[in-house]
Amino acid sequence: MTLRLYDSATTQTRDFVPLVDGQVGIYHCGLTVQGPPHLGHIRKEVVFDVLRRWLMHEGYEVTLVANVTDIEDKILAKGAEQDRPWWSVAYENERALHAAYDVLGCLPPTYEPRATGHVPEIIELVETLIARGHAYAAPDGSGDVYFDVRSWPDYGELSRQRIDDMRDAEDADPRGKRDPRDFALWKGHKEGEPETASWPSPWGRGRPGWHIECSAMATKYLGSEFDIHGGGIDLRFPHHENELAQATAAGMPFARLWMHNQMVRIGGEKMSKSVGNSLLVSEVVKRFRPVDVRYYLVAAHYRSVIDYSEEALTDAATTYQRIEGFVRRATEATGASTDLAELGGGVTPGFAAAMDDDLAIPTALAQVQELVRDGNKQLAAGEEQKYALVSTLSAVRRMLDVLGLDPYAPHWAGAGEGGSAERAALGTLVDALLEQRAQARADKDFATADRVRDQLKAAGVEVEDTPAGPRWSVGGTERQES
Ligand SMILES: [Zn+2]
């Protein structure tokens, strides 16, 4: 079976055939580092991380390039607003992005180019477009250079729109434009902008437009033609439409397949910075274990919207913990190795078929859950099913590994049950005390039960009794007793 992927450009699902046998090049648009990432931003990194892991599992060598947009109007505005250099805003948020990648178990990109590190390549590409008659310097002396959308008959092919139906490009003063939909390739330096945010060019000092940086960087690191260009569906137009126009108008074939993930919504709207800090990745992982958050983001099909709610995330955490609980119990019962390489085994044909079907993860996870059910029966049967249990366990772990969710993977294992080492140690102690309290209550020894509760409280651990059992939290960081 071969991998089939949905191509946003043709809106068709088709066989994925890499340009070079055994190798896959992927470019996805990283963040504009104007703020730290929230769940809506990081979904894309998780989606492409799973694609990459599946391709690696299937024997491909994957080069994954994710850029960092470290110069842009919003970053300059943040710098001015906070009275500090624009680059300090960019670097701080880039570090927050790396921390978010890491905490959710995403493999770091093979290359992570920054826009400001590629100004010569960008200028060269703009010069090519001018020479080929597809770009022009604004006649108003602003130093802006625009892409001439009317000069490129294929403009609109990615988002399947006619030029006359498109909205205007709102990236610069329309006075210098031949058509209001022409977009900026190069932005002339404006009075009031920091001098450090401009570079010399044939059109005077200025800085790159947003779209051109990706065309320049993708083709620098992956060649003029490459396998997959990805990003969130909100980038399809205008950003990706413009990237495609720039690259193809400059004579490059560019991406062979466009892959877009859906958004995370909250209250029916795209998650944006207006949702506040509580949905920053750095905050969510204080309320939920990182591995549970990853499961939540992985479990939905990448082309389905995730409507965020704390309840849905809690449910996902409970589901993952059931799978994880099986893996731990089965490992203990069989004495199997926690090292996946030693354990051997492989994914089930059903799982592979689901992954090959445009990453149908809900179907793939149904396979995992079915095996966990079988495995739990084998566990209950004891010694006589031990051999079967080892093979179930190894298949479950292989499948979880493809999704970056194997509980014994070094990334999670070193940190205890998918959290920090401190958290795992704390969890063990609190669970032991809660067990004592439950025993005391069963024995009607309420004095002891209350004392345990007070001890926990004195240590800052709040206990709440719910129908599903006691829940405890430290400073609002909730966790269900397992
Ligand atoms: Zn891009």
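Structural data are supplied above this passage.
The rules behind these values
Residues numbered from 1 in each chain as written. Predicted model: local features only at pLDDT ≥ 70, side-chain atom pairs only at ≥ 80, totals over all residues. Heavy atoms only, no water. Donors = N, O, S within 2.8 Å, 3.2 Å for Na, K, Ca; no water. Tetrahedral: all angles 85-135°; square planar, octahedral: opposite > 155°, others 65-115°. Helix = DSSP H or I, 4+ residues; strand = E, 2+ residues; numbered from the N terminus. Buried < 20%, exposed > 50% of the residue type's maximum accessible area, 1.4 Å probe, protein only. Contact = heavy atoms within 4.5 Å. Expected span 1.5 Å × (residues − 1). Arc of directions from axis to C-beta. Polar contact = N/O pair within 3.5 Å; in protein donor to acceptor, adjacent residues only side chain to side chain. Salt bridge = Lys/Arg side-chain N within 4 Å of Asp/Glu carboxyl O. Pairing = 2+ DSSP bridges. Right-handed = clockwise from strand over helix to strand, strands pointing away.

## Observations concerning the coordination of the zinc ion
Here comes step 1: Surrounding the zinc ion are the protein donor atoms C29 (SG), C214 (SG), H239 (NE2) and E243 (OE), at 2.0 to 2.3 Å.
Here comes step 2: One way to put it: the four donor atoms around the zinc ion meet at angles of 81 to 127 degrees, and that makes the site irregular.

## With respect to the environment of D168
Here comes step 1: Along the polypeptide, D168 turns up in the loop between strand 6 (145–147) and strand 7 (184–188).
Here comes step 2: For D168, a relative accessible area of 39% translates into the label partly exposed.
Here comes step 3: In the structure, D168 is positioned 14 residues away from D182 in sequence and 7.7 Å away in space, judged by C-alpha atoms.
Here comes step 4: Every residue in contact with D168, bar those within four places of it in the chain, is listed here: P180 and R181.

## A look at helix 4 (residues 119–131)
Here comes step 1: Taking 1.5 Å of rise per residue, the 13 residues of helix 4 would be expected to cover 18 Å, and the 18 Å separating its terminal C-alpha atoms lies within 8% of that figure.
Here comes step 2: When helix 4 is considered as a whole, its buried residues turn out to be V119, I122, I123, L125, V126 and L129. For helix 4, the angular spread of buried residues about the axis comes to 160 degrees, placing them on one side. Residues of helix 4 that are exposed and point more than 90 degrees away from the buried face comprise P120, E124 and A131.
Here comes step 3: Those residues of helix 4 that are buried are in contact with strand 5 (135–137), strand 6, strand 7, strand 8 (206–208), helix 5 (210–222) and helix 6 (236–249).
Here comes step 4: Immediately beyond the C-terminal end of helix 4, within one or two residues, lies G133, with a positive phi of roughly 80 degrees.

## Regarding the side chain of Q246
Here comes step 1: Looking at the secondary structure, you find Q246 in helix 6.
Here comes step 2: A relative accessible area of 0% places Q246 in the buried class.
Here comes step 3: Only 3.3 Å separates the side chain of Q246 from the backbone oxygen of H211, close enough to count as a polar contact.
Here comes step 4: Ignoring anything within four residues of it in the chain, the contact list for Q246 reads L129, F147, F183, L185, H211, I212 and S215.

## Description of the pattern of salt bridges
Here comes step 1: All told, the structure shown has 29 salt bridges when counted by the stated rule.
Here comes step 2: The salt bridge involving R150 is made with D179; its shortest N-O contact spans 2.8 Å. Pair noted here: R150 is in the loop between strand 6 and strand 7 and D179 is in the loop between strand 6 and strand 7, with a separation of 29 residues, a long-range link.
Here comes step 3: A relative accessible area of 6% means that D179 is categorised as buried.
Here comes step 4: Taking the shortest distance from any N to any O, the salt bridge between D165 and R162 comes out at 3.3 Å. Per residue, the accessibility class of D165 equals that of R162, and both read exposed.
Here comes step 5: If you follow the salt bridges from partner to partner, you end up with R150, R162, D164, D165, D179 and R181 in one network.

## Observations regarding the pairing of strand 4 (residues 61–66)
As a general feature of sheets, a regular strand has side chains that alternate between the two faces.
Here comes step 1: The sheet contact formed by strand 3 (residues 23–28) and strand 4 spans six bridges and is parallel. Counterpart to I26 in the pairing with strand 4 is L64.
Here comes step 2: After leaving strand 3, the chain enters helix 1 (residues 39–57) and then returns to the sheet as strand 4, a path that is right-handed.

## Let's talk about the side chain of K44
Here comes step 1: Examined against the element boundaries, K44 turns out to sit in helix 1.
Here comes step 2: Looking at K44, its side chain comes within polar contact range of the main-chain oxygen of C29, at 2.7 Å.
Here comes step 3: Filtering out sequence-adjacent residues up to four positions away, K44 remains in contact with H28, C29, G30, G231, G232 and N261.

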